[in-house]
Amino acid sequence: MLSNDPAALDRADPLAHHREKFALPEGIIYLDGNSLGALPKAVIERTSRVVAEEWGRDLITSWNTHDWIDLPRRVGDKLGRLIGAASGTVVAADSTSVNIFKLLSVALAMRPDRRVILTQEGNFPTDVYITGGLAALKGQGHEVRFAAAADLASAMTPDVAVVLLTEVNYRTGARLDMKALTAAAHAAGALIIWDLCHSAGAVPVDLTAADADFAVGCGYKFLNGGPGAPAFAYAAPRHLLGLRQPLQGWLGHAAPFDFAPDYRPAEGIDALRVGTPSILSMSALDTALDVFGGIDMVAVKCKADALSDRFVAELRGKAPDLEVLTPLDANLRGSQINLRHPEAYAVMQALIARGVIGDFRQPDIIRLGLTPLYLRYADVHRAAQILGDIIATREWDRPELKRRAKVV
């Protein structure tokens, strides 16, 4: 029988030794890896070496001697192993926003007679903003249509060209059924793009098994690539032949160092490249991904579910009126706990003051990320106790905790 003692659970945890791979500050319980992942220790050494040796000593020769030029492909292949993508179908590049623009442009061009882009209500703003901006830019009467998560399949009507969905919702932690919704999109004759920003490195993802057309994601959340880490883009093998996107930067050219006056797209996934990659941040992400070597993402998700269940059970005993937004069914959620409180911002500031770092989302959401590779059962138990105390004693009800910072 499984023990309820957090210390005993930590001793028996098969993932516990991975915590040593991270540089974690003493006395802090970090529950914000869903927004910015913790620093892997190996990244410190790698970035120091890249700066001092590859850049400082070897200078521009490192594009060849250290193969900087192909780093986006190598990082892409590492990412592919985490998201069920074949080698050569993922490239690390740009930001999530830019990659959505590129892939949505590609997908719309493949469905020229359709004018609807379908997305879910409450999708992350950048997905919505980019979609609306591209629709306006094209000037061809494209419509951005929204549907509730429960109504997405029925909203896939014959006029839908592309479906753009985020697998795990940033505000609720609810997880969509990727395989079922992809099948529904294809049955309607539409293409589908998946945003994996809160999925990659958090839950098992298998783009190949789901038959997804395209996907994007960021490198700085659960993948621990560092602030502003490169994002990634995926295209299914069937879409690689003749792949062409409108941001025709020089490194997306088939022969960039020919400096030809006319653009000729690179073959395959390299067609999604645009400009010169940021080698420092790309190197950090490259090394951060090594943390996942040999790790079973099913085991990671199982621990995340156990952490979530224990947190909610502990919290309900101390703050029963605090609303849990994240589904209690483990199959319907990602790797975070989202709670609702009318003074959520002040509550989060009180938590941070007590050494528990999470984040706040408008208008009233407390968001706590569960990162099983460095989070312990004892951490979750203690965090729930502290949050319960803050709610019970109204510790949050102080003017200084209600003053909004620039970044919330």
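Predicted model only: the values in this text are computed from it and were never measured. All residue numbers refer to position in the chain's written sequence, counted from 1. Confidence filtering applies because this is a predicted model: local features only for residues at pLDDT of at least 70, side-chain atom pairs given and counted only at 80 or more, and all residues used for totals across whole chains, interfaces and linings. Note: side-chain values were computed over all heavy atoms of the structure, leaving out hydrogens and water.

Peer 1: Please provide a residue-by-residue account of the nonpolar core, values included.
Peer 2: Nonpolar cores were defined as sets of buried Ala, Val, Leu, Ile, Met, Phe, Trp, Tyr and Cys residues, with membership established by side-chain atoms within 4.5 Å. We call a residue buried when its accessible area falls under 20% of the maximum for its residue type, exposed when it is over 50%, and partly exposed in between, using a 1.4 Å probe and counting protein chains only. Among the nonpolar cores identified, the biggest contains 57 residues, and I83, V163, W194, L196, L207 and L223 are the most heavily contacted of them. Think of it this way: any DSSP run of H or I at least four residues long counts as a helix, any run of E at least two long counts as a strand, and we number them from the N terminus. Looking at which element gives the most residues to this core, the answer is helix α4 (residues 71-83), with five residues. Between two residues, a contact is recorded if the distance between any of their heavy atoms is within 4.5 Å. Setting aside residues no more than four positions away along its own chain, W194 makes contact with L165, T166, E167, L176, D177, M178, L181, T182, A212, F214, A215 and V216. Counting 33 residues, the second-largest nonpolar core is a separate cluster that includes L307, L322, I337 and V380.

Peer 1: So what's going on with the sheet that holds strand β12 (residues 336-340)? Residues and values would help.
Peer 2: In sheet architecture, strand pairing relies on hydrogen bonds along the backbone and comes in two forms, parallel and antiparallel. Sheet architecture is open: four strands sit in the order β11-β12-β15-β14, paired in antiparallel fashion. Each of the sheet's edge strands pairs with one partner strand only, and the pair in question is β11 (323-324) and β14 (359-361). Alignment of β14 against strand β15 (residues 365-369), held across three bridges, turns out to be antiparallel. The partner of F360 across the bridge, within β15, is I366. To obtain an axis, a line is fitted to C-alpha atoms, over the contacting stretch when the element is a helix, and the angle between two such axes runs from 0 to 180 degrees between their N-to-C directions. Sheet strands in contact with helix α10 (residues 297-318) are β11, β12 and β15, and its direction is about 25 degrees off that of β12. Two strands make a pair as long as DSSP finds a minimum of two bridges between them.

Peer 1: Describe in detail the pairing of strand β10 (residues 232-235), supporting the description with residues and values.
Peer 2: Residues F232 and Y234 of β10 are buried on one face, and the alternating residues A233 and A235, pointing to the opposite face, are buried as well. The sheet contact formed by strand β4 (residues 90-92) and β10 spans three bridges and is antiparallel. Bridged to V90 within β10 is Y234.

Peer 1: Any chance you could break down helix α6 (residues 125-138) for me, citing the residues and the numbers?
Peer 2: Expected helix span is taken as 1.5 Å per residue step, with the number of steps being one fewer than the number of residues. With 14 residues, α6 should reach 20 Å at 1.5 Å per residue; the first-to-last C-alpha distance of 20 Å fits that figure. For α6, the full list of buried residues reads T126, D127, I130, T131, L134 and A135. One face of α6 carries all of its buried residues, which in axial projection span an arc of 160 degrees. Looking at α6, the residues exposed on the side facing more than 90 degrees away from the buried face are Y129 and A136. Looking at the packing, one finds that the buried side of α6 touches α5 (96-110), β5 (116-120), β6 (143-147), β7 (160-166) and β8 (191-195). With its phi angle positive at about 60 degrees, G139 sits one or two positions after the end of α6. What the arc covers is the set of directions going from the helix axis to the C-beta atoms.

Peer 1: I'd like to hear about the layout of surface pockets, residue by residue, with values.
Peer 2: Its boundaries defined by the atoms lining it, the largest pocket holds a volume of some 410 Å³. With a 1 Å grid laid over protein atoms only, a set of points is called a cavity when a 1.4 Å probe fits there but cannot get out and a pocket when it is open yet has protein on both sides within 12 Å along at least five of seven lines; lining residues have an atom within 4 Å of a point. As for the largest pocket, its lining consists of 22 residues, of which S35, F124, Y220, K221 and R361 are closest to the centre. Looking at the lining of the largest pocket, the elements that each hand over two or more residues are α5, α6 and β14. Three categories are distinguished: nonpolar for Ala, Val, Leu, Ile, Met, Phe, Trp, Tyr, Cys and Pro, charged for Asp, Glu, Lys and Arg, and polar for the others, with Gly belonging to the last. Across the lining of the largest pocket, the residue classes tally to six nonpolar, nine polar and seven charged. Grid points are joined across faces, edges and corners, and a volume is the space filled by probe spheres set on the points. When its volume is computed, the second largest pocket comes out at roughly 230 Å³.

Peer 1: Outline the packing of aromatic side chains, supporting the account with residue identities and numerical values.
Peer 2: One pair of aromatic rings is described through two measures. These are the centre distance and the angle between the planes. Geometry of aromatic contacts follows a simple scheme: Phe, Tyr and Trp rings, the Trp one being its six-membered ring, pair when their centres are within 6.5 Å, and the pair is stacked under 30 degrees between planes, edge-to-face over 60, tilted otherwise. For the structure on display, the rule yields seven aromatic pairs. With 5.4 Å between their ring centres and 85 degrees between their planes, Y345 and F360 make a pair best called edge-to-face. Separated by 15 residues along the polypeptide, Y345 in helix α11 (residues 344-353) and F360 in strand β14 bring together distant segments of the chain. Site record: aromatic cluster; members linked through ring pairs are W250, F257 and F259. Remark: a charge is flagged as sitting over a ring if the NZ atom of Lys or the CZ atom of Arg is within 6 Å of the ring centre and within 35 degrees of the ring normal. It is R404 that lies over the ring of Y345; its NZ or CZ is 4.6 Å from the centre.

Peer 1: Describe the sheet that holds β10, listing the residues and the values that go with them.
Peer 2: Judged by pairing direction, the sheet is mixed, and its seven strands sit side by side in the order β4-β10-β9-β8-β7-β5-β6 without closing on themselves. Since the sheet does not close on itself, it has two edges, and those belong to β4 and β6, each with one partner. Along the sheet, successive strands turn relative to each other by an average axial angle of 20 degrees, direction set aside. Pairing analysis gives five bridges linking β5 to β6, with the strands arranged parallel. Residue pairing in the sheet places T119 in a bridge with F146 of β6. Against the sheet, α5 touches β5, β7, β8, β9 (214-217) and β10, its axis set at about 170 degrees to β9. Running at roughly 150 degrees to β6, α6 makes contact with β5, β6, β7 and β8 of the sheet.

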